[in-house]
Amino acid sequence: RHVLVGNHRDAWVFGALDPSSGTATMLEVTRAFGKLKKAGWSPRRTLKFCSWGAEEYGYPGSTEWVEENMKSLLTQAVAYLNCDTAVRGNYSFRGRASPLLKEAMLSATKKVKDPHNADITVHDTWAKYDPAGGTLNEPRVNVLGAGSDFTPFIQHVGIPVTDQTYTYTSAWKISSYPVYHSVYETFEIMEKFIDPDFTCHKAVAQVLAELARNLADSLLLPMNPADYASAIETFANASLSSFRGIFTKKDGISFDGLYSAVKNFTSAANEFSKKVENVDKNNPLAIREINDQMLMLERAFIDPQGLPGRPLFRHIIFAPSSKNIYAASSFPGLSDLMYGLDENGPEEQWEEVKKHLAVIVYTIQAAAKTLS
Ligand SMILES: [Zn+2]
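Residues numbered from 1 in each chain as written. Predicted model: local features only at pLDDT ≥ 70, side-chain atom pairs only at ≥ 80, totals over all residues. Heavy atoms only, no water.

Hey, could you go over the pattern of salt bridges for me, with residue numbers and the actual values?
Opposite charge on two side chains makes pairing possible when the charged atoms of those side chains draw close. One pass over the full model with this rule turns up 16 salt bridges. Note that Glu347 is salt-bridged to Lys250, the shortest N-O span being 3.0 Å. Pair noted here: Glu347 is in helix H13 (residues 347-370) and Lys250 is in the loop between helix H9 (225-249) and helix H10 (256-278), with a separation of 97 residues, a long-range link. Taking the relative accessible area as the measure of exposure, Glu347 reaches 41% and is therefore partly exposed. By relative accessible area, which is 12% here, Lys250 ends up buried. Each of the salt bridges in this network shares a partner with another, and the network as a whole consists of Arg1, Arg288 and Asp292. (Salt bridge = Lys/Arg side-chain N within 4 Å of Asp/Glu carboxyl O. Helix = DSSP H or I, 4+ residues; strand = E, 2+ residues; numbered from the N terminus. Buried < 20%, exposed > 50% of the residue type's maximum accessible area, 1.4 Å probe, protein only.)

Right under this line is the structure:
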């Protein structure tokens with residue numbers, strides 16, 4: 001089984017932030033793991049560190065590698081941890097992850113000290129500045145859209161992915177840091193203004209190292225299908241509130257199938273959690289079975305046909321919105337088909353909507369079956 005960590009090495013100009021803050025961070029993790037290995041550490045799973053070319057051209061480097069290694073990735077890759085632009089500000093950590101890895105991401109940030117205050121953790125600052133909302137006293141962990149090398153891993157194969165960064169305040173309301181992709185992305189800017197003591201780099205490196213260690217070394221994979229169930233439920237509710245008005249005016253279409261699929265998936269995930277709690281940790285076959293089920297879960301959300309009109313995006317639950325490639329959209333195929341459509345819209349388009357809703361329902365039911 002393999003845990004992959006990677007970043008690109010090409011840059012628009014000097015690339016001090018994008019990608020080199022990420023590459024420096026990743027190399028620091030390899031240095032630390034190298035030391036551990038020399039001291040006798042041997043992780044249960046293989047760690048692979050990847051350096052990609054041509055990310056800025058639309059990531060053909062990682063995409064072609066994924067295509068070439070599709071078969072082994074399908075059966076062996078546990079997770080891909082992307083490490084692009086590890087530092088773009090000094091305000092707060094921000095981690096994005098597939099729902100399966102949300103818990104592992106949160107637990108890693110609880111183990112790392114805040115770069116500016118050793119009495120609190122990265123998790124504390126993150127939860128304060130970017131709260132999940134509601135009754136949860138935890139940070140927001142968004143799913144990923146596209147726009148970096150994690151895309152082929154999650155969208156072509158169905159490998160859970162993460163991306164982590166230290167960033168600026170969201171109060172600035174800017175789409176990226178001011179020197180993004182410009183000739184001013186220099187080491188001097190980083191050293192003078194953004195992270196003068198490199199403690200933000202260190203914090204991201206420690207989170208990344210802990211995530212990789214946990215995934216590579218834990219007896220049971222640190223993945224939680226119940227988090228996937230609540231993510232899908234949230235997405236389904238969001239879709240319902242967007243489209244309920246139109247759906248009620250249209251004959252022969254409803255969300256009932258989707259809701260019963262989400263319900264089935266949730267109860268399968270809860271049953272699975274019980275199985276994980278009660279597993280005999282001295283039984284290697286039972287451990288293997290659970291780990292393989294976790295490994296295959298994200299794969300179940302991949303439709304080999306791809307999303308309607310977008311064969312390269314195959315994840316049914318989330319994918320980049322076709323209207324904004326950096327943002328993630330839930331049930332992206334449905335959102336695309338419904339874009340600008342009303343109850344009087346063309347019948348062929350409504351047929352596509354019905355067909356795709358059936359695909360979503362089938363996919364979620366099939367994913368629930370992988371957990372039983
Ligand atoms: Zn980049």
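Which residues make up the coordination of the zinc ion, and what values go with them?
Note on the zinc ion: its protein donors are His8 (NE2), Asp18 (OD), Asp84 (OD) and Asp84 (OD). The metal-donor distances range over 1.9 to 2.4 Å. Of note is the zinc ion, whose four donor atoms meet at the metal with angles of 57 to 145° in an arrangement that counts as irregular. Sequence spacing of the donor residues for the zinc ion, all on one chain, is H-x9-D-x65-D. Remark: Asp18 occurs in the loop between strand E1 (2-8) and helix H1 (20-38) and His8 occurs in strand E1; sequence separation between them is 10 residues. Its relative accessible area of 0% is what places His8 among the buried residues. Its relative accessible area of 3% is what places Asp18 among the buried residues. (Donors = N, O, S within 2.8 Å, 3.2 Å for Na, K, Ca; no water. Tetrahedral: all angles 85-135°; square planar, octahedral: opposite > 155°, others 65-115°.)

Tell me what's going on with the pairing of E1, and back it up with residues and numbers.
Among the seven residues in E1, seven count as buried, and that is most of the element. Side chains His2, Leu4, Gly6 and His8 project from E1 onto one buried face, and the interleaved Val3, Val5 and Asn7 project onto a second face that is buried too. With seven bridges connecting them, E1 and strand E2 (residues 46-52) associate as parallel partners. Bridging from a neighbouring strand, His8 pairs with Trp52 of E2. (Pairing = 2+ DSSP bridges.)

Which residues make up the domain arrangement of the protein, and what values go with them?
Domain parsing of the protein yields domain 1 (2-217) and domain 2 (225-370). Domain 1 and domain 2 are separated by 26 Å when their C-alpha centres are compared. Counting residues at the interface gives 27 residues for domain 1, matched by 24 residues for domain 2. For the pair domain 1 and domain 2, the two sides together bury roughly 2000 Å², of which 58% comes from carbon and sulfur. A per-residue breakdown of the area domain 1 buries against domain 2 is headed by Pro99, Leu100 and Gln155, which together make up 31% of the total. Taken together, the connections running from domain 1 to domain 2 amount to nine residue pairs in polar contact (both at pLDDT 80 or more). Elements that contribute at least two residues to the side of domain 1 that touches domain 2 include exactly helix H3 (70-76), strand E3 (77-82), helix H4 (102-110) and helix H6 (150-157). Residue composition of the side of domain 1 that touches domain 2, grouped by class: 15 nonpolar, nine polar and three charged. (Domains from an automatic or database assignment. Contact = heavy atoms within 4.5 Å. Buried area = accessible area lost by both parts, 1.4 Å probe. Polar contact = N/O pair within 3.5 Å; in protein donor to acceptor, adjacent residues only side chain to side chain. Nonpolar A, V, L, I, M, F, W, Y, C, P; charged D, E, K, R; others polar.)

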